[in-house]
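Each chain is listed here by its residues.
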Amino acid sequence: MSEQPSASPRSPLTEDEQFLIPPQVFPIERRASFTSTDPWRVLRIMGEFVEGFDTLSDVRNAVTIFGSARTPESDRYYQQAHETARLLAQNGFAIITGGGPGIMEAANRGAKDGGGLSIGCNIELPFEQGTNKWVERSINFRYFFVRKTMFVKYSTAFITFPGGYGTMDELFEALTLVQTGKVKQFPVVLFGRDYWKGLADWLKERVAGEGKIAPEDLKLFLVTDDPKEALGWIVDARERRTRAFRAMNEAAQATR
């Protein structure tokens, strides 16, 4: 039997060769280091976007509810988050939360009790945050910015109950997008007058007072203690958005 001709040694390997080399050929250290590179992270990020878009592609008229994961069931804000989500669900809104405990659990629970779709977009954290049992459709994310994109893309309103840094980060992200015209007819509700009064006063007296924002920017959010008032504000925005879309479609039809 004649011997197979040996391939002449050459370097470097082509991209196809590197792709087809079995993983066991590489030392463990090299395999581990590759999955920590930026190109690999880009693929993971793309994968998270694809999964999020695929999972939520059928969601319409959703409201995202934020708030502290540390809020116990006995807290009045837990009860108000549950009632607000229940009313929204009964009026045709899906409810999106971060999927965890506290206010998020209350909102997902209210969505289920109101017969609406209950969605949880969870995040990988150094401390475990499991998905609450009231979530019907769940997605897990590694990256905050991918998760935040899903909140905005598939929501038509934000409601922020009392919370910490994460809640405020999401609040100001939404206000910035509305202020700069990136999203339109997008109501932002601050639920809990006592909790948000200091922030609202500071924005009015210091930030707007020194010209850092315009006076009309203070109208981009509603501060309330009433689930029905929050519902009414969001329903009104939905109706304005529907009229705007209808007018756009009619104008497009007229130009054809």
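To keep things clear, this report deals only with the structure shown in the data block.

**Notes on the pattern of salt bridges**
Summed over all chains, the structure comprises 11 salt bridges. Taking the shortest distance from any N to any O, the salt bridge between D194 and R76 comes out at 3.8 Å. A residue pair is termed long-range when its members are at least 10 positions apart, and D194 in helix 8 (residues 193-208) and R76 in helix 4 (residues 76-90) qualify at 118 residues. Residue K212 pairs with E210 through a salt bridge whose shortest N-O separation is 3.0 Å. What makes E210 partly exposed here is its relative accessible area of 43%. Each member of the salt-bridge network shares a partner with another, and the members are K148, D169 and E173.

**Re the pairing of strand 2 (residues 94-97)**
On strand 2, burial covers both faces: A94 and I96 on one face and I95 and T97 on the other are all buried. Pairing of strand 1 (residues 62-66) with strand 2 involves 3 bridges; the strand directions are parallel. Counterpart to T64 in the pairing with strand 2 is I96. Running through helix 4, the crossover from strand 1 to the neighbouring parallel element strand 2 is right-handed. Regarding topology, helix 5 (residues 103-113) serves as the crossover connection from strand 2 to the parallel strand 3 (residues 118-123), and that connection is right-handed.

**Some thoughts on the sheet that holds strand 2**
Taken together, 7 strands build an open sheet; the order of strands is 4-3-2-1-5-6-7 and the sheet is parallel. One side of each edge strand has no neighbouring strand; the edge strands of this open sheet are strand 4 (137-141) and strand 7 (221-224). Across the sheet, the axes of successive neighbouring strands diverge by a mean angle of 20 degrees, strand direction being ignored. Here 5 bridges tie strand 1 to strand 5 (residues 155-160), and the two strands are oriented parallel to one another. By the bridge assignment, T64 is partnered in strand 5 with F158. Across the sheet, helix 3 (residues 38-56) is in contact with strand 3 and strand 4; its angle to strand 4 comes to roughly 170 degrees.

**What about the side chain of S118?**
As for its position among the elements, S118 is in strand 3. The class of S118 is buried, set by a relative accessible area of 0%. Reaching out from S118, the side chain makes a polar contact with the backbone oxygen of W134 at a distance of 2.8 Å. Contacts of S118, omitting those with residues within four sequence positions, involve I95, N108, A111, K112, W134, V135, E136 and R137.

**Thoughts on the packing of aromatic side chains**
Across all of its chains, the model carries 7 aromatic pairs by this definition. With 5.1 Å between their ring centres and 85 degrees between their planes, F66 and F151 make a pair best called edge-to-face. Of the two residues, F66 is situated in strand 1 and F151 in helix 6 (residues 144-153); the sequence distance between them amounts to 85 residues. The pair formed by F66 and F151 is uniform in burial state, with each residue classed as buried. Clustering of aromatic rings is evident, with ring pairs tying together F66, F151, F158 and F186.

**Digging into helix 8**
With 16 residues, helix 8 should cover 22 Å at 1.5 Å per step; its first-to-last C-alpha distance of 19 Å lies more than 12% under that length. Considering bend angle alone, the principal kink of helix 8 is centred on W202 and spans about 30 degrees. Residues of helix 8 that are buried sit in contact with strand 5, helix 7 (165-179), strand 6 (188-191) and strand 7.

**A short note on the nonpolar core**
Counting 35 residues, the largest nonpolar core has L56, V188, L190 and F221 as its most contacted members. Sequence-distant contacts of L190, defined by excluding residues within four places in its chain, comprise T160, L171, W196, L199, F221, L222, V223 and T224. If you look at the next biggest cluster of nonpolar residues, it comprises 23 residues, including A81, I103, A111 and F161.

Reading the values: the criteria
- Residues numbered from 1 in each chain as written.
- Predicted model: local features only at pLDDT ≥ 70, side-chain atom pairs only at ≥ 80, totals over all residues.
- Heavy atoms only, no water.
- Salt bridge = Lys/Arg side-chain N within 4 Å of Asp/Glu carboxyl O.
- Helix = DSSP H or I, 4+ residues; strand = E, 2+ residues; numbered from the N terminus.
- Buried < 20%, exposed > 50% of the residue type's maximum accessible area, 1.4 Å probe, protein only.
- Pairing = 2+ DSSP bridges.
- Right-handed = clockwise from strand over helix to strand, strands pointing away.
- Axes fitted to C-alpha atoms, helices over the stretch in contact; angles between N-to-C directions.
- Contact = heavy atoms within 4.5 Å.
- Polar contact = N/O pair within 3.5 Å; in protein donor to acceptor, adjacent residues only side chain to side chain.
- Phe/Tyr/Trp six-rings, centres within 6.5 Å; stacked < 30°, edge-to-face > 60°.
- Expected span 1.5 Å × (residues − 1).
- Bend = angle between axes of the 7 residues up to and from the residue.
- Core = buried A, V, L, I, M, F, W, Y, C linked by side-chain atoms within 4.5 Å.

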